[in-house]
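# A look at the structure
For reference, the chains in residue letters:
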Amino acid sequence: MCGIVGIVSEKRDVAESLLEGLKRLEYRGYDSAGIATLIDGKLAMRRATGKLKALSDKLESDPLRGHVGIGHTRWATHGRPSEDNAHPHSSEKVALVHNGIIENYRDLRHALEAKGHVFRSETDTESIAHLITDFLNMGMTPQEATAAALPCLDGAFALAVLFQDHNNLLIGARRGSPLAIGYGEGEMYLGSDALALAPMTNRITYLEEGDWVEITAESAIIHDKHGDIAIRAIHETGLSALEIGKGTYRHYMLKEIFEQPVVIGDALETMTFGDYQIALPDLPFDWKNIRRLSIVACGTAYYAGMTARYWFEQLAGLPTDFDVASEYRYRGALVDPSDVMIVISQSGETADSLAALRYAKERGQKIVSVVNVQHSTIARESDAIVPSLCGPEISVASTKAFTSQLIVLLCMALQAGEKRGFLSTDKATEIVDALRGLPSKMNDVLRDDNRLQEVAQNIATTKAIFYLGRGLMYPLALEGALKLKEISYIHAEGYPAGELKHGPLALVDEHMPVVVLAPYDSLFEKTSSNVQEIVARGGRIHLFTDKVGHANIGAGITWSLVLPAIHEAIAPILYAAPLQLLAYYTALAKGTDVDHPRNLAKSVTVE
Ligand code: G6P
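Overview of the structure.

Rules behind the numbers
Residues numbered from 1 in each chain as written. Predicted model: local features only at pLDDT ≥ 70, side-chain atom pairs only at ≥ 80, totals over all residues. Heavy atoms only, no water. Patch = residues over 30% accessible without salt bridge, like charges linked within 9 Å, V, L, I, M, F, W, Y side chains within 5 Å. Areas by Shrake-Rupley, 256 points an atom, 1.4 Å probe, with all protein chains shown as cover. Salt bridge = Lys/Arg side-chain N within 4 Å of Asp/Glu carboxyl O. Buried < 20%, exposed > 50% of the residue type's maximum accessible area, 1.4 Å probe, protein only. Near = heavy atom within 4 Å. Polar contact = N/O pair within 3.5 Å; in protein donor to acceptor, adjacent residues only side chain to side chain. Nonpolar A, V, L, I, M, F, W, Y, C, P; charged D, E, K, R; others polar. Axes fitted to C-alpha atoms, helices over the stretch in contact; angles between N-to-C directions. Helix = DSSP H or I, 4+ residues; strand = E, 2+ residues; numbered from the N terminus. Parallel < 35°, antiparallel > 145°, perpendicular 65-115°, else oblique. Left-handed = near helix turned anticlockwise from the far one by under 90°. Contact = heavy atoms within 4.5 Å. Pairing = 2+ DSSP bridges. Phe/Tyr/Trp six-rings, centres within 6.5 Å; stacked < 30°, edge-to-face > 60°. Lys NZ or Arg CZ within 6 Å of the ring centre and 35° of its normal. Expected span 1.5 Å × (residues − 1).

## A few points about a nonpolar patch on the surface
Judged by side-chain polarity, Ile221, Ile229 and Ile231 come together as a nonpolar surface patch covering roughly 330 Å² of accessible area. For Ile221, a relative accessible area of 34% translates into the label partly exposed.

## As for the site of the ligand
Close contacts around the ligand come from 13 residues, with Thr300, Ser345, Gln346, Ser347 and Thr350 the closest. Residue Ser345 places a side-chain N or O atom 2.6 Å away from an oxygen atom belonging to the ligand. In isolation the ligand offers 390 Å² of accessible surface; the protein chains occlude 89% of this area. Split into classes, the residues belonging to the shell around the ligand amount to 5 nonpolar, 7 polar and 1 charged.

## Let's talk about the packing of helix α3 (residues 105–114) against helix α4 (residues 126–137)
It is at 10 Å that the axes of α3 and α4 come closest, and there the two elements cross at 45 degrees. One way to sum up the angle between α3 and α4 is to call them oblique. As for how α3 packs across α4, the hand of that crossing is left-handed. Together, Tyr105, Leu108, Arg109 and Leu112 of α3 and Ser127, His130, Leu131 and Asp134 of α4 make up the contact between the two elements. Here the residues of the contact of α3 with α4 are counted per class, giving 4 nonpolar, 2 polar and 2 charged.

## A closer look at the sheet that holds strand β5 (residues 89–90)
Strand order in the open sheet formed by 7 strands is β5-β6-β7-β8-β12-β13-β14, and the pairing between neighbours is antiparallel. The open sheet is flanked by β5 and β14 (229–230), the only strands paired with a single partner. Bridge count between strand β12 (residues 212–215) and strand β13 (residues 220–223): 4 bridges; the pairing is antiparallel. Across the sheet, the residue bridging to Ile215 is Ala220, located in β13. Here α4 sits on the sheet in contact with β5, β6 (94–102) and β7 (155–163), set at roughly 130 degrees to β6.

## Brief notes about the packing of aromatic side chains
A full pass over the atoms with the stated rule returns 10 aromatic pairs. Measuring from ring centre to ring centre gives 5.8 Å for Phe466 and Tyr495, while their planes differ by 90 degrees; the resulting arrangement is edge-to-face. Linking Phe466 in strand β23 (residues 464–469) with Tyr495 in strand β24 (residues 491–496), this pair joins segments that are 29 residues apart in sequence. Residue class for Phe466 comes out buried when judged on its relative accessible area of 1%. Overall, the relative accessible area of 21% leaves Tyr495 in the partly exposed class. Ring pairing ties together the aromatic residues Phe285, Trp287 and Phe312, which thus form one cluster. Between Arg363 and the ring centre of Tyr359, over which it is positioned, the NZ or CZ distance is 3.6 Å. Geometry around Tyr489 places Arg598 over its ring, the cationic atom sitting 3.8 Å from the centre.

## Here's the deal with the environment of Gln453
By secondary structure assignment, the location of Gln453 is in helix α15 (residues 450–459). On the accessibility criterion, Gln453 (33% relative accessible area) is partly exposed. Placed 216 residues apart in sequence, Gln453 and Thr237 show a C-alpha to C-alpha distance of 38 Å.

## Considering helix α14 (residues 425–447)
Its 23 residues give α14 an end-to-end C-alpha distance of 34 Å, which sits within 8% of 33 Å, the value for a rise of 1.5 Å per residue. If you check which residues of α14 are buried, you get Ala428, Ile431, Val432, Ala434, Leu435, Leu438, Pro439, Met442, Val445 and Leu446.

## What about the sheet that holds strand β15 (residues 235–236)?
Across a sheet, paired strands are connected by hydrogen bonds in the backbone, their directions being either parallel or antiparallel. Read across the open sheet, the 8 strands follow the order β3-β2-β4-β1-β10-β9-β11-β15; overall the sheet is antiparallel. The sheet terminates laterally at β3 (42–49) and β15, the two strands that pair on one side only. By the bridge criterion, 3 bridges tie strand β9 (residues 180–183) to strand β11 (residues 203–206) in an arrangement that is antiparallel. Among the inter-strand pairings, Ile181 is bridged to a residue of β11, identified as Thr205.

Set out below in structure tokens:
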């Protein structure tokens, strides 16, 4: 979270390109934004609270010149969103932008204040600016001062630092938060990700843990954590300037929802062949030898992992644990080196998922990651990657990343089932066949969204809502509730349908909408009984089912949506689409900022 960008150019003013880079990073946070440049060697800055538009308006009325500069879009951690707390933070000699958390900032601040440094914000970041300045005051060069300051910092950071009187220098550093170098013609860049730099270059180097770099308009010199010069590979990203447009859609979220049939179709094309065979990258273990699988992830990716647990157990006979990544290491997970961990992450940068990965890796486990961003930290630290490749996902609420993760995980479970001799060829063929029909069924569901738009008007007036499912529909109930709460701010809870009577049923009355996910599957009768228990207590059932389910559910349903019949094993992938639309249209009806929900950020690179 927080996006940072930096440019050093031989001959052009950089503020406009910094702003364009920040637009592409706004998904990482939007509490405030700011830019600093050097004008004739002197630091100059513009900062504004709120979304980038406020900064852009400020720059329009009060432009910034300068061939070297840094920019930041903030997701607040220390200090409320305000102009004083907005980055860049500066002293009289440096300005810097930071992504991460400096854990020992109080100690640093006290020590630096005692030496006469005057702080102007409540942030942890400002202490870095004064710390570097302190070393500069001792007569060090910018490079020496940075090298001296970095070991004094505890916590996570990606930094870009600008030095008064040094028109051809930017220093970047990374520990725990991502930072990339971009190579241009007569200019060089720093950015939190390759997407931010895509309009300017597709030649990218990802810094490794502990690296810092001095960049000029002509070159980059990378130092590793020991201070030695390091050579890091340059990658061609394949990202283009165009890839983040909204097209004709009103919001990124809607565009990304509608991209799903194509994304799924492409993934299946890559991952399946013949009647039922699965083609995955080589994995550094043999499925036959694994006794236990563990899956970790956060947010929506966690619910993809929870779904995958059913698949690995039911289709591959492989006992599977799953953990929310932020708890994994704190519960003191017992790690068997002969087992395997799957980390699921769209961004590949989520701090808790990365920490869980490192915890398991240190204890000898092999790590496979299911990531969308190919050169992300999680991807690079894994023993193998199975890419989910859904293209850039910009909306904070994850949609196509979720369904593409499900496709990958199901294919992995099918492969595991086959290799372990657990899954019959008939069953594998049946599922792969059903998967191939999925894109067109999902397309039909997406194109026929009038009833979802209508019902969203009612849902928008409610204060609380339940989402219920059983079996594979239970993780999806959690994901459906998450989608609604994060963008519409309605309190939504997902529950296993059978668990409602153990407490939450007390909340149900005639005002409470209850979304029930009940395709006509092997658990339908059970779910249907739970539905009747809710109807008997006046609850307003909103049913997502198929034709047969609709005919068999019984009386008392308030609203229902009939979806195409689909194989039980892949139903959650299809049913995800109308739940995403329901959340989207409810948020629209409430007038919230769909792509930038309050308090959230897409990439959470702090613990
Ligand atoms: C944030 C996002 C979610 C996402 C989660 C995990 O909370 O808002 O949409 O599911 O992080 O992100 P990852 O990139 O690891 O999948």
